[in-house]
Amino acid sequence: MHLGERFCVAGKRARKFKRSDPKTYVPSWCPRLKAPCELRIYGFKNQREWRMHRSMCAYLGEDKMLAVIADTNDSVAEREELVEMIAIALLTRKNLFVLGEPGQAKSYAINLFRRHITGARQFERLLSKQSDEEQLFGRVDLASLLPGSVPPTVLEQDATYQNQRFNLRVLVEGIGSMKDEPATWEKLKSGTEKLELYRAALSALHKSEPTVQTAGKIPEADIVLLDEIFKCNDGVLNSLLTALNERKYTNEGRTYPIPVISFFAASNEIPNFNDPQEKILEALYDRLELKVVTANMEDRDTRLAVLKNKQAGTFGQVTVTITLEELRQMQQEVASILVPDAINELADDILCELRKDMAVSDRKYLGYYPIAQAKAWLSGHDKVESCDLLALKNYLWRLPSDREKVEAVLTRLCVNPMQDKVNNIRGMALEPQEEFDAALGDGSKADTARKAFIKLRGELTHLYQMQCSLRTAAQSDGETALVDDLLADLEKISRKAHEQTHFTYTTLEEIAALN
């Protein structure tokens, strides 16, 4: 055994991995293709590395999702943002809307990503004004309305009925050479009568309970794609609103839960919400939390590479998959990512900044953190960091015209949020400093200068307290250095003011302690 060797122990004998074998998903020769194989590394040079490798190989969910993202990106050029948002939608159970011109691989990218998830029930429909609820959610089984009928789900879940039915089937299948014996037909008659009698009892208990045939429809799907979603009619709209928002569907007065993880929608345009006839679609639009805008491929080399892959027949191949159960495990890991208080405060700063130019609802703000958690998880972070909030650029905008504003605010506040906060405090110090300098310049009014000095000292003390809060929240040596430089600037202003008014210099820390 040597350091770095890896073995699959899913079979009867451990099998050594080759260099050409995959490192983040089940290899083709694994005897348990439906479950992740176990990796073991032998011959560690110390206990610390053993612990580290053990924690890394315990579960490869993050690597597998990144492998799916990379595999999808290989077949949908210049769609990295869309593919990442598809992954984040599935990890957070959010809904995603894709806006773009025809022929920009919107539906193709979603369908390709969905093919990487094995065991997930899929539903896809191109909507039009003629689409009705039955096409999406199923129709009432007319047989369930007939007298004496029993809902199929009741029969399937009733153990007594299933046992009697099994016994009768065994009797029928084994009749063979015993068909001429009178006892055989007596047993057959008795078994049939028992089954019919019990079925009649179930019918009496479940009288007039209409059932809905939902096989292959949204109520039995895990992932749903609705193309041209805004072309649905009013009847479908009301059902979709409840399905997208609450994951429920109501039919014949009964409400059913639906297991859909995420709804994906695509369209060539968004409604004109100023038009009274289209305003009804605004609620549906708001239920699609994540939004991505696509464009035509811009890079010539990329276009030629995609064309070559299509001509070679290698375009759209799936080389890595994850199971539905693995996806659910990933969702739990994402939900466990820590969101520090400083990140919540930063998100609130972003909200306040955006509201200066555009509308952002409280619901948007209160639901931001799962997207940030998913981005942090994909980035390998154990807690949400400021850069993870950049993923909100596809969450916070409502109209395409808002995208640039959102991205600009996120870049300014999240790429180096501490620098922005430090600059704000420096700016807050300028006004009282300028008032003090103006009062000091008027030598005939000493009392005015003294009052301006007292005001300046009070403002600097308040800013010092803000600086202390920033230093406590600093998450790196670089941020700590920025905050320390801020304190030095505040002290410089304070020292100069003391000297100009001939007061004994006292540090801001000492002044704050006296207040």
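Residues numbered from 1 in each chain as written. Predicted model: local features only at pLDDT ≥ 70, side-chain atom pairs only at ≥ 80, totals over all residues. Heavy atoms only, no water.

Could you give an account of the overall build of the chain, naming the residues involved and the relevant values?
In terms of helices and strands, the chain carries 20 helices and 14 strands. Classification of the 515 residues of the chain by burial places 42% in the buried group. In the chain, the proportion of contacts linking residues at least 24 apart, taken out of those at least 6 apart, comes to 74%. For the chain, the computed accessible surface area is about 28600 Å², with 51% contributed by carbon and sulfur atoms. (Helix = DSSP H or I, 4+ residues; strand = E, 2+ residues; numbered from the N terminus. Buried < 20%, exposed > 50% of the residue type's maximum accessible area, 1.4 Å probe, protein only. Contact = heavy atoms within 4.5 Å. Areas by Shrake-Rupley, 256 points an atom, 1.4 Å probe, with all protein chains shown as cover.)

How would you summarise the pattern of salt bridges if you had to cite specific residues and measurements?
Under the defined criterion, the tally for this structure stands at 17 salt bridges. Note that D484 is salt-bridged to R471, the shortest N-O span being 2.7 Å. With D484 in helix α19 (residues 477–501) and R471 in helix α18 (residues 446–473), this pair connects stretches of sequence that are 13 residues apart. Note on D484: relative accessible area 30%, which makes it partly exposed. The network of salt bridges with common partners includes K279, E282, D286 and R398. (Salt bridge = Lys/Arg side-chain N within 4 Å of Asp/Glu carboxyl O.)

An account of the confidence of the model for the chain is needed here, citing residue identities and associated values.
For the chain, the mean per-residue pLDDT works out to 83, and 84% of the residues sit at or above 70. Within the model, pLDDT remains below 50 along residues 32–47, and this stretch shows 43 contacts once partners closer than five positions in the same chain are excluded. The low-confidence segment residues 53–59 (pLDDT under 50) makes seven contacts with residues lying over four places distant or belonging to another chain. (pLDDT = per-residue confidence, 0-100.)

Explain the nonpolar core to me, and be specific about the residues and the numbers.
Within the largest apolar cluster, 92 residues are counted, with the highest numbers of intra-cluster contacts made by M65, L96, L240, L284, I350 and L389. Here this core gets nine residues from one element, more than from any other, and that element is helix α3 (residues 80–92). Not counting chain neighbours up to four residues away, the residues in contact with I350 comprise L389, L396, V409, L410, L413 and C414. Core analysis: the second largest hydrophobic core is formed by 23 residues, A429, A452, L470 and L486 among them. (Core = buried A, V, L, I, M, F, W, Y, C linked by side-chain atoms within 4.5 Å.)

Break down the packing of aromatic side chains for me, with residues and values.
According to the stated counting rule, one finds nine aromatic pairs in the structure shown. With a centroid separation of 5.4 Å and an interplanar angle of 65°, the aromatic rings of F97 and F230 are classed as edge-to-face. Of this pair, F97 sits in strand β4 (residues 96–99) while F230 sits in the loop between β9 (223–227) and α9 (234–246), and the two are 133 residues apart along the sequence. Both residues of the pair, F97 and F230, count as buried. Cluster of aromatic residues (ring-pair linked, three or more members): F97, F230, F273 and Y285. Sitting over the face of the ring of Y285, K291 holds its NZ or CZ atom 4.7 Å from the ring centroid. For R495, the ring lying beneath its charged end belongs to Y505, and the centroid distance is 4.1 Å. (Phe/Tyr/Trp six-rings, centres within 6.5 Å; stacked < 30°, edge-to-face > 60°. Lys NZ or Arg CZ within 6 Å of the ring centre and 35° of its normal.)

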